[in-house]
Structures are given as C-alpha cells and as structure tokens.
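Residues per chain, in single letters:
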Amino acid sequence: MKTKVLITRLNDGKIHSGQSLATEFGVSRTAIWKIVRRALKEGFNIQSVRGHGYQLASPVDFLDQEIIVKNVASASSRPLTLSVIDEIDSTNAEVMRMLARGECATPVVTAETQTAGRGRRGQPWCSPAGENIYLSMGLSLSGGFSAVDGLSLVLGVAVAEALECLGAAPVGLKWPNDIFIDGAKVGGILVELQGELQDGVVHAIVGLGLNVHMTAAPAIDQAWTSLAVARPQLTWSRNALVSTLITSIANASDKFQSVGFAGFRSSWQSRDVFFSRQIMARDGELQGVGQGIDHSGNYVLRTSEGEFAVRSGEVSLRVAS
C-alpha cells in the first residue's frame, strides 16, 4: 500500500481510526501504523489523536497528470512528454535519463517529493512531500553552448511572469537564479547543459524548485517564504501552477531562440532585488552598488574604482552588512 493512498483518504480532514482504515484497505492495523510512520518521514503532517485515530493536520494538494496535461495542451502547441512521479531522486536527473533514452518530445518531470534534490553548487534542496513544486524540463536549443548565455535569467523572467499572472505580484529576481517575494526566497532555478558541439544542439535541463504550501523548514538557513505564506489571501493549486509554469518556460524558450537575451533584459532589470543596494561578491573582496545586468547577463557593480561585471560562473552576490 502506497503512502499516497492513505493520505488521499485522510485528505478529508476527519479523524479515522486505525481499525477503520485497516478494514477499508484490507490490511492489518500494524500495516496502517507503518504507513503512517513512513508518511511522517516523507513530510506529511499527520496527527495521532489518542483513542480516536489519525488526522491530516492540513490538506494535501496532490499533483494530477491528467489536469496538468489538459491545461498545458490548451495553452501550448509544443509536444511534451510529462511524467508525474510520487517520489524521485531528482527531477533533473530523471529528465537526463529521458534524454539519454532518446526522448523526442520535450521531457517534463514533476514529483511529489525528491530524495536527492539539488540546488546551485550541489547544495541539497528541501523537498517535503506534497507541499511544493519540483519541476524539470529538457529544452533543446540550437547554436551551441554560446547560444545559452543568459538562459537562467530568461527562465527567471518566465517564472516571475507566470507567478504574477496567478496573482503573486510583485515577484523579484536575485541574480543569477533565485525567485523572491517580499524580500525572501520563494524558489530557485538550476540549469544543467548537455550537448554535441558538432551539431550545435544543446540540451538545457531546467530545474525549478518553488515553495507553495510549506510553512516550516528548519533545515533552511536563509530567509525563505512560500506562496501560501506570502500571499495567503489566494488559493494556490499546484496543478494550476505547474501548468502555467510549463507553458511560460516553453514560450520563453521559443522567444529566446528567436530574439536572444536582449528580448528579456528589461524585464529582468525591472525585478532586480539588488538594484541600487550595497552588495558584495568574491567573498567580500568586491563591494559596490548594484547596477543590474549587462547585455551578456553579467551583474554590474559600481565601485569607487569604476564598474565591474560579475560573471555567473565565478561568484554569487549578497547584500553587504
């Protein structure tokens, strides 16, 4: 018996006794107890009510492949191969495996939880079950590796526009790949490249982690938020979010191939959370005032010695204390 089956039953918010659950699913009470233990380890918030049974403390917004496919099909003509998975090591890793198998359509993977989710520089990505979005797409871009300069910034614009379309405005962007709302990180983008120089085609595996319903994350050591925390007046559906994000990223990829990074620069600049702020780079060796991005997507600092461009592959930026 899968965890998802039990959580779906408890999703009505009522208290269900172990015996009634065991009878309903044709298993022992011990089996139900073991599944509850497993669900707790996966991050589901189940409360044990002494003498009464089990209750889901907050409803779970499960992903539904049929709904996502229907919504995307009505908004985009791009052929997709969508996989909705209960548990995966990493959605980016699964897209890589799909590309290795020769997947022709654009591969898209989203999961309820990840066991080995990664952020920038290999940092682990907090992936509680049923709360957030863990989404990866495999984009094929022509023109070689030089043609993908600025892609992570383009994708940031695509995600910000999708969220604003659903009511989350204003959405900020932190160079090079973080999504911000109200001064805190709500999501991040990871781009990994594969390609063959001889044919000039590059596969960009685009990973997006977005906090949706999460309200607690003691393992995260930086300021963070979620859509539910930052915009509690709105009802957030992960299916609607995934559908809108897939469409926005696909459309941005097509536009990027046509007009390049220049077509997105002003949109990125208008959301720059570092602009006009005193910030530092290179472990504090370089400090200055944020001036936004140049035509190549490098971040520009104005210092007492002039302007310096910080390249994405070199360092990250942080606000000077």
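Definitions and limits used
- Residues numbered from 1 in each chain as written.
- Predicted model: local features only at pLDDT ≥ 70, side-chain atom pairs only at ≥ 80, totals over all residues.
- Heavy atoms only, no water.
- Phe/Tyr/Trp six-rings, centres within 6.5 Å; stacked < 30°, edge-to-face > 60°.
- Helix = DSSP H or I, 4+ residues; strand = E, 2+ residues; numbered from the N terminus.
- Buried < 20%, exposed > 50% of the residue type's maximum accessible area, 1.4 Å probe, protein only.
- Salt bridge = Lys/Arg side-chain N within 4 Å of Asp/Glu carboxyl O.
- Contact = heavy atoms within 4.5 Å.
- Pairing = 2+ DSSP bridges.
- Core = buried A, V, L, I, M, F, W, Y, C linked by side-chain atoms within 4.5 Å.

## Things to note about the packing of aromatic side chains
Here a ring pair, both rings aromatic, is described through the centre-centre distance and the interplanar angle of the planes.
No. 1: In this structure the tally under the stated criterion is four aromatic pairs.
No. 2: Judged by centre distance (6.2 Å) and plane angle (75°), the rings of F274 and Y299 are edge-to-face. Note that F274 is positioned in the loop between helix 9 (265-269) and strand 10 (278-281) and Y299 in strand 12 (residues 299-303), a separation of 25 residues in sequence. Taken as a pair, F274 and Y299 share a single burial class, namely buried.

## Brief notes about the pattern of salt bridges
No. 1: Counting across every chain of the model gives 11 salt bridges.
No. 2: Salt-bridge contacts for R101 lead to E94; the nearest nitrogen and oxygen are separated by 3.7 Å.
No. 3: By relative accessible area, E94 is classed as buried at 12%.
No. 4: A single salt-bridge network, built from bridges that share partners, covers K4, D86, E112 and R238.

## Quick notes on the environment of G297
No. 1: Along the chain, the position of G297 falls in the loop between strand 11 (286-293) and strand 12.
No. 2: Here G297 falls in the buried class, since its relative accessible area comes to 7%.
No. 3: Apart from the residues within four sequence positions on either side, G297 is in contact with L153, W175 and F261.

## Concerning unusual backbone geometry
No. 1: That bond from A169 to P170 is cis: its omega, 0°, falls within 30 degrees of zero.
No. 2: Within the secondary structure, P170 sits in the loop between helix 6 (151-165) and strand 6 (172-174).
No. 3: With an omega of 0°, the peptide bond running from W175 to P176 counts as cis.
No. 4: Within the element layout of this structure, P176 appears in the loop between strand 6 and strand 7 (178-181).
No. 5: Here the phi dihedral of S276 falls at roughly 70°; this positive angle occurs in a residue that is not glycine.
No. 6: Relative to the helices and strands, S276 resides in the loop between helix 9 and strand 10.

## Points about the side chain of R231
No. 1: One can find R231 in the loop between helix 7 (227-230) and helix 8 (238-259).
No. 2: Looking at R231, the relative accessible area reads 8%, which means it is buried.
No. 3: In this structure, R231 is in contact with G167, A168, A169, P170, I181, D182 and W236, ignoring residues within four places of it in sequence.

## Remarks on the sheet that holds strand 10
No. 1: The strand order across the open sheet built from five strands is 13-12-11-10-14, with neighbouring strands paired in antiparallel fashion. With one partner strand each, in any of the chains shown, strand 13 (306-310) and strand 14 (318-319) form the two edges of the open sheet.
No. 2: Pairing of strand 10 with strand 11 involves four bridges; the strand directions are antiparallel. Looking at the pairing, I279 lines up with G288 of strand 11.

## Details of the nonpolar core
No. 1: Membership of the largest hydrophobic core comes to 58 residues, with the highest contact counts inside it found for L163, L227, I246 and Y299.
No. 2: Top contributing element to this core by residue count: helix 6, with 10 residues.
No. 3: Beyond its immediate stretch of four places on either side in the chain, I246 contacts I68, V72, L80, L82, V108, L135 and M137.
No. 4: Of all hydrophobic cores here, the second largest spans 16 residues; its members include A22, A39, Y54 and F62.

## Some thoughts on the environment of T247
No. 1: Within the secondary structure layout, T247 lies in helix 8.
No. 2: Under the relative-accessibility criterion, T247 is labelled buried at 11%.
No. 3: Remark: the alpha-carbon pair of T247 and R97, spanning 150 residues in sequence, is separated by 22 Å.
No. 4: Leave out the neighbours within four places in its chain, and T247 touches V72, A75 and S76.

## Considerations on the pairing of strand 11
No. 1: The buried count for strand 11 comes to six of eight residues, which makes it a mostly enclosed element.
No. 2: A loop of four residues connects strand 10 with strand 11, the two strands running antiparallel in sequence, and R282 in this loop sits at a positive phi of about 55°.
No. 3: Relative to strand 12, strand 11 runs antiparallel, the two being bridged by three bridges. Among the inter-strand pairings, G290 is bridged to a residue of strand 12, identified as L301.
No. 4: Linking strand 11 to strand 12, which pair antiparallel, is a turn of five residues; within it G297 sits at a positive phi near 90°.

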